[in-house]
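A structural walkthrough
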Amino acid sequence: MSSCKNNDEGFTGLEAAIVLIAFVVVAAVFSYVVLGAGFFTTQKAQQTVHTGVQQATSAVEPSGPVSIHAASSDSVDNISFYLQLAAGGAGVDMSKVTYTVSTSKKVATFTNSTVLYSWVQQNTPIDQGQTAHTGLLNSREMVLVYIDPGFDDTQMTNNDAFIVDVNPPVGAALPIARTVPAGLTTGTWYEVY
């Protein structure tokens, strides 16, 4: 006698396999979303760090001495210093750089129109595909900056500390702090510290 019984054990295994596949697909989609969000967050964090470093570091740095010119035995009529790009910095448009000269008695701000520049070292324009200099301070270039502070002997004199803040269009200001020597001779240049 042959007995024919309904056996549902095969269907139970099939249903379990379908449920397992559904779980795997849902887990794969979920992990893709989580990984995508993680990569997006990492990219945003990286951009934030790069922007922060760019804003926190100065685009320019001093190169060489800071000098002053004595207008008389107790006054200064010129401050000069060399600037170059900081390591890894992008080119700086010198026409957009501002300068602030301050002592304990006076503060004055100067723009491109009131400051003189002399390109001490510049890349050959032909190397950059140019016919003339663009006014951009690039790597391997150096510019000599001349500032006439316009301070009289009551605002900047012997033994006075002064600060020149160089403010590039992008990046932090570069403070250059120096002190006027105790004795000055009219018409003489002094390297200051």
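In this report, we go over the structure that sits alongside the text. (Residues numbered from 1 in each chain as written. Predicted model: local features only at pLDDT ≥ 70, side-chain atom pairs only at ≥ 80, totals over all residues. Heavy atoms only, no water.)

Regarding the sheet that holds strand β4 (residues 98-102)
Quick note on the threshold: By this definition, two strands are paired if DSSP reports at least two bridges between them. Every helix listed is a DSSP run of H or I at least four residues long, and every strand listed is a run of E at least two residues long, numbered separately from the N terminus. Note on definitions: angles span 0 to 180 degrees between N-to-C directions of axes, and those axes are lines fitted to C-alpha atoms, for helices only across the stretch in contact.
With respect to topology, four strands assemble into an open sheet ordered β5-β4-β9-β10, the strand pairing being antiparallel. The outermost strands of the open sheet, each flanked by one partner alone, are β5 (107-110) and β10 (174-179). Mean inter-strand twist for the sheet, computed between neighbouring axes without regard to direction, equals 15°. Summarising the sheet, β4 and β5 pair through four bridges and their orientation is antiparallel. Bridged to V101 within β5 is A108.

Some points on a nonpolar patch on the surface
Convention followed: A patch is a set of surface residues, each over 30% in relative accessible area and not in a salt bridge, joined within 9 Å for like charges and within 5 Å for the nonpolar side chains Val, Leu, Ile, Met, Phe, Trp and Tyr. Using a 1.4 Å probe, accessible areas were evaluated by the Shrake-Rupley method; residue-level cover was limited to the displayed protein chains. Whenever Lys or Arg places a side-chain nitrogen within 4 Å of a carboxyl oxygen from Asp or Glu, that contact is recorded as a salt bridge.
A contiguous nonpolar patch, built from I21, V25, V29, Y32 and V33 and spanning about 540 Å² of accessible area, is present on the exposed surface. Counting through the fold element by element, V33 comes out in helix α1 (residues 9-56).

Considering the nonpolar core
Put simply, the rule reads: What we call a nonpolar core is a set of buried Ala, Val, Leu, Ile, Met, Phe, Trp, Tyr and Cys residues that are connected through their side-chain atoms within 4.5 Å. The classification of residues rests on relative accessible area computed with a 1.4 Å probe and restricted to protein chains. Under 20% of the type maximum is buried, over 50% is exposed, and intermediate values are partly exposed. In what follows, a contact means two residues having at least one pair of non-hydrogen atoms within 4.5 Å.
By size, the foremost hydrophobic cluster in this structure holds 33 residues, and its most contacted members are I79, F81, L83, Y99 and V166. Mapped onto this core, the elements with two or more residues apiece are β1 (60-72), β2 (75-85), β4, β5, β8 (142-147), β9 (161-167), β10 and β11 (189-192). Ranked by residue count, the leading element in this core is β2, at five residues. L83 has contacts with V60, E61, P62, M94, Y99, L137, E141, M142, V143, V145, V166 and L174, leaving out every residue within four places of it along the chain.

Observations concerning the pairing of β4
For a regular strand, side chains alternate in direction, first toward one face of the sheet and then toward the other. In terms of burial, β4 is largely enclosed, as four of its five residues are buried. Judged from the five bridges that link them, β4 and β9 form a sheet pairing that is antiparallel. In the strand pairing of β9, V101 is matched with V164. Hairpin connection, β4 to β5: the antiparallel pair is bridged by four residues.

Points about the pattern of salt bridges
Applying the stated criterion across every chain yields a total of one salt bridge. Between K105 and D160 there is a salt bridge, with its nearest N and O atoms 3.2 Å apart. Of the two residues, K105 sits in the loop between β4 and β5 while D160 sits in the loop between β8 and β9, which places them 55 residues apart along the sequence. Relative accessible area serves as the criterion here: at 46%, K105 is assigned to the partly exposed category. The class of D160 is buried, set by a relative accessible area of 13%.

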